[in-house]
Amino acid sequence: MTRLGVNIDHVATLRQARRGKNPNPVEAALVSERAGCDGIVAHLREDRRHIQEQDLWDLKKALRVPLNMEMSASPQIVRVAARVKPDQATLVPEKRQELTTEGGLDLRKGQKRLKQAVSQLKKAGIRVSLFIDPDPVQIRLARDLEVPMIELHTGRYAGAPTRKRREILLRQMEEAVGKARALGLIVAAGHGLDYDNVVEVVSIPEIEELNIGFSIVARAVEAGFHQAVQEMAGLVHGGGR
Ligand code: PXP
């Protein structure tokens, strides 16, 4: 069965809008656990726009399922990871101006920094995964970096403008997964997956794990809105909660 990692970054995005305590990403992680997820993903960005370092410590303490920390290869963030010791670290590219991770790592560039990050994370006992595009060159380079696992970027598949294009990108994904498995890599995938496009990705059996965030948080807001208003209306109208 494919594992589901729930990315809780955008619960923290909402909290940071008021810099308060709510909504609490750790609470969202515990609800996710009870609802049947297999892991929690949190991205400590260099600009700290959503997840904060304290969230990682709190998640590490509270969770029973594994914690996957998404992060850049920046030495400062690597030092945080080595202290917190999540079960897994997924290295992603990070640009300050981007709204979200826009593509996979280009493993042809910045090899020295990447090698250093991989080695320090491994030394801290953390499993390392690299977020890359479903491209044979990147997959071979990931194997050369001696990581056990990769996460394939599904953003282009998810954003395909037509059904035909989406099918082509799905076939490419399938081929990439086959290549990675042949090189002995464990394969995860994620980015942009939602309730409409996830099932076709699940049908690729060698993908062991899908990491999904935004669509789950958006659905939680939509599905929970009725109850939230009803409770407040009860208080405002004087009938109680
Ligand atoms: N996997 C990686 C490596 C990511 O960077 C992200 C976004 O933080 C996700 C999965 C989840 O993407 P989304 O929020 O679009 O589901």
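Going by the structure above, here's the rest.
All of these numbers come straight from a predicted model, not from anything done at the bench.

Peer 1: Is there a simple way to think about the environment of S129 in this case?
Peer 2: Mapped onto the elements of the fold, S129 is located in strand β5 (residues 127-132). Each residue touching S129, except ones within four places of it in the same chain, is listed here: Q88, A89, T90, L91, M149, I150 and E151.

Peer 1: Explain the packing of helix α4 (residues 75-84) against helix α5 (residues 111-123) to me, please; I cannot follow it from the model alone.
Peer 2: Two numbers describe a pair of packed helices, the interaxial angle and the distance between the axes. Relative to each other, α4 and α5 sit at 10 degrees, their axes nearing to 10 Å. Between α4 and α5, the interaxial angle falls into the category roughly parallel. Between α4 and α5, the contacting residues are P75, V78 and A81 on the first element and R113, A117, Q120 and L121 on the second. Here the residues of the contact of α4 with α5 sort into five nonpolar, one polar and one charged.

Peer 1: Any chance you could explain the pattern of salt bridges here in plain terms?
Peer 2: Oppositely charged side chains may form a pair once their charged atoms are brought near each other. Taken as a whole and judged by the stated rule, the model has eleven salt bridges. A salt bridge links E53 to R83; the shortest N-O distance between them is 3.2 Å. Of this pair, E53 sits in helix α3 (residues 53-62) while R83 is found in helix α4, placing the two residues 30 residues apart along the sequence. A residue is classified by how much of its surface remains accessible, and E53, at 24% relative accessible area, is partly exposed. Between E174 and R171 there is a salt bridge; the shortest N-O distance is 2.8 Å. On the criterion of helical spacing, the pair formed by E174 and R171 is a turn pair, its members being three residues apart in helix α8 (residues 163-182). If you follow the salt bridges from partner to partner, you end up with R3, E208 and E209 in one network.

Peer 1: Looking at this model, I keep getting lost on a nonpolar patch on the surface. Mind explaining?
Peer 2: A contiguous nonpolar patch, built from V221, F225 and V229 and spanning about 280 Å² of accessible area, is present on the exposed surface. By the element assignment, V229 lies in helix α10 (residues 214-236). For V229, a relative accessible area of 46% translates into the label partly exposed.

Peer 1: Explain the site of the ligand here, please?
Peer 2: Contacts to the ligand come from 13 residues, most closely from E70, E151, G192, G213 and F214. Contact distances for the ligand include 3.3 Å between an oxygen atom and a side-chain N or O atom of N7. The separation between an oxygen atom of the ligand and a polar main-chain atom of G192 is 2.8 Å. Alone, the ligand offers 400 Å² of accessible surface; in the complex the protein occludes 95% of this. Within the shell around the ligand, the residues separate by chemical class into four nonpolar, six polar and three charged.

Peer 1: Would you mind showing me how to read unusual backbone geometry here?
Peer 2: Glycine aside, residues mostly have negative phi, and peptide bonds are mostly found in the trans state. Between N22 and the following residue, P23, the backbone shows a cis peptide bond with an omega angle of -10 degrees. Structurally, P23 can be placed in the loop between α1 (9-16) and α2 (25-34). In this structure, R19 is a non-glycine residue whose phi angle is positive, near 55 degrees. Looking at the secondary structure, you find R19 in the loop between α1 and α2. At K85, a residue that is not glycine, the phi angle is positive and equals roughly 55 degrees. Locating K85 in the fold gives a position in the loop between α4 and β4 (88-91). With a relative accessible area of 39%, K85 lands in the partly exposed category.

What counts, and at which threshold
Residues numbered from 1 in each chain as written. Predicted model: local features only at pLDDT ≥ 70, side-chain atom pairs only at ≥ 80, totals over all residues. Heavy atoms only, no water. Helix = DSSP H or I, 4+ residues; strand = E, 2+ residues; numbered from the N terminus. Contact = heavy atoms within 4.5 Å. Axes fitted to C-alpha atoms, helices over the stretch in contact; angles between N-to-C directions. Parallel < 35°, antiparallel > 145°, perpendicular 65-115°, else oblique. Nonpolar A, V, L, I, M, F, W, Y, C, P; charged D, E, K, R; others polar. Salt bridge = Lys/Arg side-chain N within 4 Å of Asp/Glu carboxyl O. Buried < 20%, exposed > 50% of the residue type's maximum accessible area, 1.4 Å probe, protein only. Patch = residues over 30% accessible without salt bridge, like charges linked within 9 Å, V, L, I, M, F, W, Y side chains within 5 Å. Areas by Shrake-Rupley, 256 points an atom, 1.4 Å probe, with all protein chains shown as cover. Near = heavy atom within 4 Å. Polar contact = N/O pair within 3.5 Å; in protein donor to acceptor, adjacent residues only side chain to side chain.

Spatial relationships are all this shows, so hold off on functional conclusions.
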